[in-house]
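A closer look at the structure
Chain residues, written in single-letter form:
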Amino acid sequence: MKRRGDLLDISALKVVFYTYRGVIKALNGVELWMNRGERLGVVGETGCGKSVTAKSVMRLIEEPGKILSGRLLFEDKDLLQIQESDLRQIRGSEISMIFQEPNSSLNPVMSVGFQIAEVLAEKNKTKIKKQYPAVAEMLELVGLDAERVMTMYPHELSGGMAQRVMIAMGLAPKPKLLIADEPTSALDVTIQAQILELLDQLVREMGNAVLMISHDMGVVAEFCDKIMVMYAGNSVEYATTEKLFKNPRHPYTKGLLQAVPRIGRIEELKAIKGTVPDLVSPPPGCRFHKRCPHMTAVCQKEHPSFIQVEDDHYVACYLFGNEGGGGH
Amino acid sequence: MRYLLRRLGFLLFTGWAALSINFILPHLMPGDPAQVMIAKFQGRLNPQALKALSDAFGLTADKSLFVKYLEYWQRIFSGDLGFSLTYYPAKVTEVLADAIPWTIGLVGLGTIIAFTLGTLLGIISAWKRNSPLADILVPTALFFNSIPYFWLSLLMLYLLAYQLEWFPLGGGFDVFAIMGIWDKVGSIVYHAILPLTTIVITAMGGWLLTMRNNMMSVLADDYIIFARAKGLSDRRIKYKYAARNAILPSFTGFSMALGFVIGGSLLTEVVFSYPGLGYILYQSVISLDYPLMQAIFLFISLAVLLANFMADFIYAILDPRVKEGGE
C-alpha cells in the first residue's frame, strides 16, 4: 500500500469494545495520515471515534476495548506490531498526549514538578531530581511561575494552569507528534483562546506535528493545516482546511458545516436530520446512508472506500466514482 | 499546622468525653461493686477491713457522684487505678502491665501481617483482574472474611490442638517447664501460632477486598491512563500511581485497627486462654471487677483516639489534599 504521510499513516484501523450490550464497533477502518510538523484536526460528533483513534495511536485502548486489525505506521515502525517495551520508548518521548480534563489527568499526590521531571527522566534515563532545571525552564515557557508551580499539587491549580502544566509535560520531551484530545473543551472561553494561542506559538517554535481532536469546528479551522472528518467510526473526508471549508464534498461534512453558526450569515442553521447510529448494530454499507439526502441502493450494501478526488482531498462516498469495498 | 492543631483539639475533647463516659457507665449499671466485694470476701474479713478496702477502691457509697468524678480524674493523672478485685491484692496497673505485652505481640503482629498480606494480594488481584489468580483470590477472601473468627479458633483448637495434638491447647507459654531464654522464646512462638493464624486468616480477607476495590476505582482514573501515555513502566504505574493512591482509605482503617489492638482479640484470647488484655477483660466482666474493667476500657478508648490522631497526622503527609481542605 502506498505511503501517504511520512510521520504517521494509519489504515484500516478497527477497534471494538466488548460490552454487556454487545460488541461496539467503535472504529470501522479508520484512515488517517500526517506529515512531519503538520497539524491535523480530527472532527466529528460525540461518539464518532475521535478519542478512540487518538488513544489507538499509542495503543492505549484498555479492556474491554481491543484493537482488532489495521496498520499504524509511525515513521518506519508499525506500532501495532512492536513489543510493549519498545512502545514505551515511543510513548511520552516521541509521541505525547494532552488530555481533555487536565486536573484529573494529573496524579493528585505528586507535585507538578515531580510529574513532569518523571517523563524526562524516563526518556533520558536519568534520576528524576536531575531534570528539575529542565522542568523549570519548560514551566516558564508555558507562562507559569516555575518556582511556585513546581512544588504545587494538582488540586491547587486552576483549569487553565493545569492545562498549561499538561502542555509543558507534553512538549518537554520534544515529541515528534503531540496528540491533543479536546485540549480546550473543559476550559472557559477566554482561557480557551489563551491556551490555543500558547499551543500554537510553542508548536511553531518547536516544530512538533499536532493531532488535534475536537468537536469544535472553529478551534480546528483556526489551528490546523488539514482536517479529517469522522462519522460513526469511519474517516469520511480529508482535506486541507481551506479546501474543506470552501468545497466540502461529503454530504455529512456539508451538513456539519451548515450546522455551525457564522457571523454575517443570514440563512438558518440546519441540523443534520436523524441521529448517530448505534454502533452495536450499525447500518450496513455506508454508516451515514440513513441520514443522507443523496442515498442510493449501493450505499446500503457496502462501505465506500476512501478515494482521492483531487490533491490533498479524499472522500468516502459513492457520489465521487467510488468502487466500494473500503471496510465492512 | 492549623489542620493538626484542630485535630489535636478534637483529640483532647473526645478524650475527655470518652473518659467521662467510662466513669459514668459502671455507676449506671445495676449491682453495687462494694456489695460484690463483700460477697466475695464473705466470712474471711471483718467489717472494718471491708470498709477500709472499699474506701481504698473509691467505692464508698456515701460520697456524691461529683466528688467521685473528681477523684476519678485525680487517680487517672496520678496513675493510680486501684486494686483489681479478681486478682486481689494485685494492683490494676500490675495486671495490665502483665497482659499488655501478650496482646500487643499477638494481636498487633496479627493485624500487621493481615494488613500487609491482604493489601499486597488486593493490589495483585486488581492489577491482574482477569487472571485465574484473581478469580481464586476474591471468593476465597470473601469466604474467610465471612467466617466468625471465634468459630475458626474453636475449629483449629479442636482439630490441630486437641485431636492431632500438634499445638498446645492454650496459654502464652509452657508455665511448668523450667527453661532458658531461647526455649522460652520458642515456647511463646509455639503457643502463638494457632491464635495468630486465626487472626491473620479472618482479618486478611477484609483488607484484600478493600484494597482491591480502591485499586479498581483508582485504575479507572484519568491519571492512570495518562501515566501510561507518559511512557512510565507498568511497575511504576502499579505501585507509585495506583497502589500509592488506593492505599489511602485502607490506611485509615489500618490505623483504627491498630488502636483496637489494645482491646485484644477478645474471643480468640478467650478460646486459647491467651493471657492478653482480651482474656483479662472477659474475666473482669464476668466477675464484675469494676476497677479492672474501667481501666481496660480507658486504655482501649485512649488507644483508639491516639491511633486516630496518628492516622490523621500521617494522612496529611501522604495526601497533600487534606491539609487545606480540612472541614
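Given the structure is predicted, the values throughout are model-derived calculations rather than measurements. (Residues numbered from 1 in each chain as written. Chains lettered and ligands numbered in written order. Predicted model: local features only at pLDDT ≥ 70, side-chain atom pairs only at ≥ 80, totals over all residues. Heavy atoms only, no water.)

Quick look at the nonpolar core
In terms of nonpolar packing, the biggest core is built from 104 residues, with Leu32, Leu139, Val165, Leu177 and Leu211 of chain A touching the most fellow members. With eight residues, helix α7 (residues 159-171) of chain A is the single largest residue contributor to this core. Ignoring anything within four residues of it in the chain, the contact list for Leu177 of chain A reads Leu7, Leu8, Met34, Val57, Phe74, Glu94, Ile95, Ser96, Ala209, Val210 and Leu211 of chain A. In terms of nonpolar packing, the next biggest core, distinct from the first, is built from 19 residues, Ala90, Val92, Ile100 and Val304 of chain B among them. (Core = buried A, V, L, I, M, F, W, Y, C linked by side-chain atoms within 4.5 Å. Buried < 20%, exposed > 50% of the residue type's maximum accessible area, 1.4 Å probe, protein only. Helix = DSSP H or I, 4+ residues; strand = E, 2+ residues; numbered from the N terminus. Contact = heavy atoms within 4.5 Å.)

Some details on the pairing of strand β7 (residues 177-181) of chain A
All names here are of chain A. Burial of β7 is extensive: five of the five residues sit out of reach of the surface. Of the strand pairs in this sheet, strand β6 (residues 95-98) and β7 are connected by four bridges, and their pairing is parallel. The partner of Ile98 across the bridge, within β7, is Ala180. When β7 meets strand β8 (residues 209-214), the two strands line up parallel, connected through five bridges. Paired with Asp181 across the bridge in β8 is Ile213. (Pairing = 2+ DSSP bridges.)

Examining the packing of aromatic side chains
Summed over all chains, the structure comprises 22 aromatic pairs over all chains. Aromatic side chains Trp102 of chain B and Tyr274 of chain B sit 5.7 Å apart centroid to centroid with 85° between the ring planes, which places their arrangement in the edge-to-face category. Of this pair, Trp102 of chain B sits in helix α5 (residues 92-127) while Tyr274 of chain B is found in the loop between α11 (266-271) and α12 (277-286), placing the two residues 172 residues apart along the sequence. Taken together, a centroid distance of 6.2 Å and an interplanar angle of 75° make the contact between Tyr149 of chain B and Phe150 of chain B edge-to-face. Residue class for Tyr149 of chain B comes out partly exposed when judged on its relative accessible area of 30%. What links up through ring pairs into an aromatic cluster is the set Phe23, Tyr69, Tyr72, Trp73 and Phe77 of chain B. Positioned above the aromatic ring of Phe223 of chain A is the side chain of Arg39 of chain A, whose terminal nitrogen or guanidinium carbon lies 4.4 Å from the ring centre. (Phe/Tyr/Trp six-rings, centres within 6.5 Å; stacked < 30°, edge-to-face > 60°. Lys NZ or Arg CZ within 6 Å of the ring centre and 35° of its normal.)

Brief notes about the sheet that holds strand β4 (residues 65-74) of chain A
All names here are of chain A. Spatial ordering of the open sheet is given by β2-β1-β4-β5, a layout of four strands whose pairing is antiparallel. Because the sheet does not close on itself, it has two edges, and the strands there are β2 (22-34) and β5 (77-78). Sheet analysis places strand β1 (residues 8-19) next to β4, joined by eight bridges and oriented antiparallel. Pairing of Phe17 across the sheet is with Gly65, part of β4. Lying on the sheet, helix α1 (residues 50-57) is in contact with β1, β2 and β4; it crosses β1 at an angle near 110°. (Axes fitted to C-alpha atoms, helices over the stretch in contact; angles between N-to-C directions.)

Some words on a nonpolar patch on the surface
Residue and element names in this part refer to chain B. Residues Phe150, Trp151, Leu154, Leu155, Tyr158, Leu159, Tyr162, Leu169 and Leu267 make up a contiguous nonpolar surface patch of about 880 Å² in total accessible area. The element that contributes the greatest number of residues to the nonpolar patch is helix α7 (residues 149-163), accounting for seven residues. On the secondary structure map, Leu155 appears in helix α7. For Leu155, a relative accessible area of 35% translates into the label partly exposed. (Patch = residues over 30% accessible without salt bridge, like charges linked within 9 Å, V, L, I, M, F, W, Y side chains within 5 Å. Areas by Shrake-Rupley, 256 points an atom, 1.4 Å probe, with all protein chains shown as cover. Salt bridge = Lys/Arg side-chain N within 4 Å of Asp/Glu carboxyl O.)

As for the interface of chain B and chain A
Residue-level contacts link 22 residues of chain B with 32 residues of chain A. Around 2400 Å² of area is buried between chain B and chain A when both sides are counted, 57% of it from carbon and sulfur atoms. When the buried surface of chain B facing chain A is broken down by residue, Phe226, Arg228 and Lys230 of chain B rank first, second and third, together holding 27% of it. There are three salt bridges connecting chain B and chain A. Of the charged contacts in the structure, one is a salt bridge between Glu118 of chain A and Arg236 of chain B, with a shortest N-O distance of 2.7 Å. (Buried area = accessible area lost by both parts, 1.4 Å probe.)

A look at unusual backbone geometry
Residues and elements named next belong to chain A. A cis amide bond links Glu63 with the next residue in sequence, Pro64, at an omega value of 5°. Mapping Pro64 onto the fold places it in the loop between α1 and β4. The residue Ala232 is not glycine, and still its phi comes out positive at about 45°. A relative accessible area of 0% means that Ala232 is categorised as buried.

Considerations on helix α10 (residues 234-260) of chain B
For α10 of chain B, built from 27 residues, the straight-helix expectation of 39 Å at 1.5 Å per residue is met to within 8% by its first-to-last C-alpha distance of 36 Å. The largest bend in α10 of chain B is about 40°, located at Leu248 of chain B, with the proline Pro249 of chain B one to four residues further on. (Expected span 1.5 Å × (residues − 1). Bend = angle between axes of the 7 residues up to and from the residue.)

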